[in-house]
Amino acid sequence: MSEQPTTLPSRKAWSPRKRQRIGRGAQYTLLIVVAVVLASLADWGAIRQSFFNTQVAADGLPRLFTVALKNTVIYTISGYVVGFALGMLLALMRQSSVAPYRWTASTYIEIFRGLPALVIFLMIGSLPLAFPGLQVPGGVYGQAALGLGLVSAAYMAETFRAGLQAVPKGQMEAARSLGMPHMRAMVSIIVPQAVRIVIPPLTNELVLLFKDSSLVLFLGVTAAQVELAKFGNDQASTFASPTPILVSGLTYLLITIPLGYVARRLESRQRGKR
Amino acid sequence: MSTVEIRNLHKSFGQLEVLKGIDFTVEAGQVVCVIGPSGSGKSTLLRCVNLLERPTSGQVFVDGTELTDPDVDIDAVRRRLGMVFQQFNLFAHLTVLRNVTIAQERVLKRGRAEAEEIARETLEKVGLSEKADSFPAQLSGGQQQRVAIARALAMNPSLMLFDEPTSALDPELVGDVLSVMRELAQDGMTMLVVTHEMGFAREVADRVVFMDRGAIVEDGPPEQVIADPRHPRTREFLGRVLHPEGADDE
């Protein structure tokens, strides 16, 4: 045991500090080499011409916001409202004392969490094939709200369930001991507190839904109904340039990054409160 | 007619029998304190009186209504019973005032103005009128418990149930809660109190009930049960509670 300290330094000549410095130096060197190679290989003129073409970008400008972003927001919010209501209903059904309600809710959640959102949109788009007279009220807007709502409801139901379970048991006991029937206690006491608890994850769900709204593209929309992804795609084919897609992408980030930031802030604030 | 009458009450949680045949009454205007070691079933007994726990067998009557009758409207009975919990259980998302008005409005169907007037009166009674617009998290434990008492009182209960109301409080906050309870008792409120506060029991209670291992061991006036217990188990328990440090000397 006493021999080890004397043998170790002789085998490894470098001190830990020196080894760390050399390691870091190697990482920086690699980074510089990669950057220099990329910079010398890339055709900057062509890249600017195709991805950062200001003329092409300017052409879409008013409509990017007045039509595409506006529709994206409409699709997202209407889908969110449907998902919120249906998700809450499913979460309450999962807690029901009537077993078939629980089974229905669990089955729904399993199925819709397991399906790609795209498949659900394709299914909604093809409903008229099965029922020729069938019209989803609100046209594409109704279909979008339905599709995004069906998808997000499954996730929101799980979130709400966690929120309902996080409300201390004593809250229900206090409400019942004041003579409130079970349903009244849920509505006045438990659900409002559960919703407060799940605000951060629900904000994240809004971010996800905002991105998923791009799937409306598959419903077949008119020029007035176009959202960001389709708008970028259409512009890209018109001008034979990827710039509009990049612009659409940046517009998504304009919303999703601040919203994600808000969600993280809410989350840390809530953690501080508990 | 007794305010509370309990006949041969049994309660089991799975294999564990917590209450083993309780017979017991509370008369109108009485203050009854239930004491006993933890796990003796005293909280379960209290929770059976407003059916937060369902008795396994036996009967519970409140103001002559049998709660254990399956057809009874339990919400209607609970309206007449105030309950104060160890952990306060104030509604965390509502202001103090709203905590006191919500059940008045939703259960007793009082109008907003009337409910608020009654709420302010009861908050005044517990000495917290200036906290009406605070949220529970902004109050100390003692203040929260006094709001919980006000919330129950605003429903004009004919009986108040207290489940170890001071056990979760810092020692310096216990006094305020006990003095509110003492005033209630002086006003003639019928009270059933599960407590470890022997001083309170001795001073305020008309009767003290000592429970151990799911049964009532001794039931009588405080000067008898606390000052001159008949049963060795009562004596042993009181010895430990009243002289927690002296117990090891012998």
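An account of the accompanying structure is given in this report.

Cut-offs used in this document
Residues numbered from 1 in each chain as written. Chains lettered and ligands numbered in written order. Predicted model: local features only at pLDDT ≥ 70, side-chain atom pairs only at ≥ 80, totals over all residues. Heavy atoms only, no water. Pairing = 2+ DSSP bridges. Helix = DSSP H or I, 4+ residues; strand = E, 2+ residues; numbered from the N terminus. Contact = heavy atoms within 4.5 Å. Axes fitted to C-alpha atoms, helices over the stretch in contact; angles between N-to-C directions. Salt bridge = Lys/Arg side-chain N within 4 Å of Asp/Glu carboxyl O. Polar contact = N/O pair within 3.5 Å; in protein donor to acceptor, adjacent residues only side chain to side chain. Phe/Tyr/Trp six-rings, centres within 6.5 Å; stacked < 30°, edge-to-face > 60°. Buried < 20%, exposed > 50% of the residue type's maximum accessible area, 1.4 Å probe, protein only. Lys NZ or Arg CZ within 6 Å of the ring centre and 35° of its normal. Parallel < 35°, antiparallel > 145°, perpendicular 65-115°, else oblique. Left-handed = near helix turned anticlockwise from the far one by under 90°.

Here's the deal with the sheet that holds strand β2 (residues 16-26) of chain B
All names here are of chain B.
And step 1. The strand order across the open sheet built from 4 strands is β2-β1-β4-β5, with neighbouring strands paired in antiparallel fashion. Edge strands, defined here as strands with exactly one partner in the open sheet, are β2 and β5 (65-66).
And step 2. Two strands pair when backbone bridges link them, and strand β1 (residues 4-13) and strand β4 (residues 57-62) are joined in this way by 5 bridges, in the antiparallel orientation. Within β4, the residue paired with V4 across the bridge is V62.
And step 3. Across the face of the sheet, helix α1 (residues 42-49) comes into contact with β1, β2 and β4 while running at roughly 120° to β1.

Digging into the interface of chain A and chain B
And step 1. Contacts between chain A and chain B engage 17 residues on the former and 22 residues on the latter.
And step 2. The interface formed by chain A and chain B includes 2 salt bridges.
And step 3. R176 of chain A serves as the salt-bridge partner of D75 of chain B, at 3.3 Å between the closest nitrogen and oxygen.
And step 4. For the pair chain A and chain B, the interface holds 6 residue pairs in polar contact (both at pLDDT 80 or more).
And step 5. Among the elements of the structure, α9 (169-177) and α10 (182-197) of chain A are those that each provide at least two residues to the side of chain A that touches chain B.

Considering the packing of aromatic side chains
And step 1. Taken as a whole and judged by the stated rule, the model has 6 aromatic pairs over all chains.
And step 2. Seen in terms of ring centroids, Y80 of chain A and F84 of chain A are 6.5 Å apart; in terms of plane orientation they differ by 45°. Their pairing is tilted. One end of the pair is Y80 of chain A and the other is F84 of chain A, both in helix α5 (residues 61-94) and 4 residues apart, which spans about a single turn.
And step 3. Using a relative accessible area of 16% as the deciding quantity, one classes Y80 of chain A as buried.
And step 4. Overall, the relative accessible area of 28% leaves F84 of chain A in the partly exposed class.
And step 5. Considering the side-chain rings of Y108 of chain A and F112 of chain A, the 4.3 Å spacing of their centres and the 15° angle between planes classify their relative orientation as stacked. Of the two residues, Y108 of chain A and F112 of chain A are both situated in helix α6 (residues 99-114); the distance of 4 residues between them amounts to about one turn of the helix. Comparing Y108 of chain A with F112 of chain A shows no difference in burial state: the two are buried.
And step 6. Every member of this aromatic cluster is reached through a ring pair, and the members are Y80, F84 and F160 of chain A.
And step 7. One cation-aromatic arrangement involves R151 of chain B over F91 of chain B; the distance from NZ or CZ to the ring centre is 4.5 Å.

As for the packing of helix α8 (residues 139-166) of chain A against helix α11 (residues 199-212) of chain A
Residues and elements named next belong to chain A.
And step 1. It is the contact of α8 with α11, at a shortest axis distance of 11 Å, that shows an interaxial angle of 160°. What the angle tells us is that α8 and α11 run roughly antiparallel. Viewed along their axes, α8 and α11 form a crossing whose handedness is right-handed. Across from L148, S152, Y155, M156, T159 and F160 in α8, the residues of α11 making contact are P201, L202, E205, L209 and D212.

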